[in-house]
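# Residue-level structure breakdown
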Amino acid sequence: MSLHLGDKAPDFTAQTTEGELNFYSYLGDSWGVLFSHPADYTPVCTTELGRTALLKEEFRKRNVKVLAVSVDALDKHFGWRADINETQNCNVDFPIIADESREVAMLYDMIHPNASATATVRSLFIIGPDKAVKLMITYPASTGRNFNEVLRVIDSLQLTAKHSVATPADWQHGEDVIVVPAVSTEDAIKKFPKGVNIVKPYLRYTPVPDDNN
Ligand code: BEZ
């Protein structure tokens, strides 16, 4: 199945290292990050899951629940998880799905046959509290993902969900944001009391709005 931004994230029930889990129930009202990796006991994946565990507090602060997917079996996950904890100096306590049937992989189009006929690629989905797909990224097996970028996108998504703003290239949390084109300059000046910097009629910056703006 091919997913697009804005689509409803497919729900599923799966066996995981934290027991049987229903995706929507697991997410509740939180944001979600669902990410696949090619296989257990592989080096890049080991660093990715370790990094995710080490960022636990960053995900918690943003009200995000994470969930990993691989097509390997549960007993393999348990052994590998111990290795991840040992080598990455972390405690992986988020669920890792044992997707032996490929159900989740197929729902989220995580197998790209010209990359590998059987293994999942490095897909990552950010799901909003409304269960809509907000971001999809796909990396090849040989390139580990940048989890700081994942957090940066979550910051942008959470901000732009609340205010009529967008975030510019390389934006980092706290930096000025862009007023969306749908808001006239006249309205922007009223809406954003911290000020609007009009560089061009279509390029207008404002400091990060307060929650009530
Ligand atoms: C890895 O996770 O290290 C990996 C997996 C498949 C191919 C290449 C690298």
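See the structure above.
The text that follows walks through the structure, step by step, so that each part is easy to find.

Quick notes on the rules
Residue positions within a chain follow its written sequence, with the count starting from 1. At least 70 in pLDDT is required for a residue's local features to be given in this predicted model, at least 80 for side-chain atom pairs to be given and counted, and no such filter applies to totals for whole chains, interfaces and linings, which use all residues. Calculation of side-chain values draws on the structure's entire complement of heavy atoms; hydrogens and water are dropped beforehand. Each axis is a line fitted through C-alpha atoms, taken for helices only over the stretch in contact, and angles between the N-to-C directions span 0 to 180 degrees. Helix numbering and strand numbering both begin at the N terminus, where a helix is a DSSP run of H or I of at least 4 residues and a strand a DSSP run of E of at least 2. In these notes the angle categories are as follows: under 35 degrees is roughly parallel, over 145 is roughly antiparallel, 65 to 115 is roughly perpendicular, and the rest is oblique. The criterion used for residue contact is that any of the two residues' heavy atoms lie within 4.5 Å. The classification used treats Ala, Val, Leu, Ile, Met, Phe, Trp, Tyr, Cys and Pro as nonpolar, Asp, Glu, Lys and Arg as charged, and all other residues, Gly among them, as polar. DSSP bridges decide pairing: two strands pair if at least two such bridges lie between them. Salt-bridge detection follows one rule: a side-chain nitrogen of Lys or Arg within 4 Å of a carboxyl oxygen of Asp or Glu. Residue exposure (1.4 Å probe, protein chains only): buried if accessible area is under 20% of the type maximum, exposed if over 50%, otherwise partly exposed.

### Considering the packing of helix H2 (residues 43-54) against helix H4 (residues 74-88)
Running from N to C, H2 and H4 point in directions that differ by 70°, and their axes come no closer than 9 Å. Of the possible angle classes, the one that applies to H2 and H4 is roughly perpendicular. Here Cys45, Thr46, Thr47, Leu49, Gly50 and Leu54 of H2 come into contact with H4, specifically with Trp80, Ile84, Thr87 and Gln88. When grouped by side-chain class, the residues that make up the contact of H2 with H4 number five nonpolar, five polar and no charged.

### Points about the sheet that holds strand E10 (residues 197-200)
What the four strands build is an open sheet, ordered E8-E9-E11-E10; its pairing is antiparallel. Among the strands making up the open sheet, the edge pair consists of strand E8 (165-166) and E10. With two bridges connecting them, E8 and strand E9 (residues 177-179) associate as antiparallel partners. Paired with Ala166 across the bridge in E9 is Ile178.

### Some remarks on the pattern of salt bridges
Scanning the entire structure with this criterion turns up 14 salt bridges. Of the charged contacts, one joins Lys56 and Asp93 as a salt bridge, the two residues approaching to 2.5 Å between their closest N and O atoms. Separated by 37 residues along the polypeptide, Lys56 in helix H3 (residues 56-61) and Asp93 in the loop between H4 and strand E5 (96-98) bring together distant segments of the chain. Residue classification places Lys56 among the partly exposed residues on the basis of a relative accessible area of 47%. Taking relative accessible area as the criterion, Asp93 reaches 33% and is therefore assigned partly exposed.

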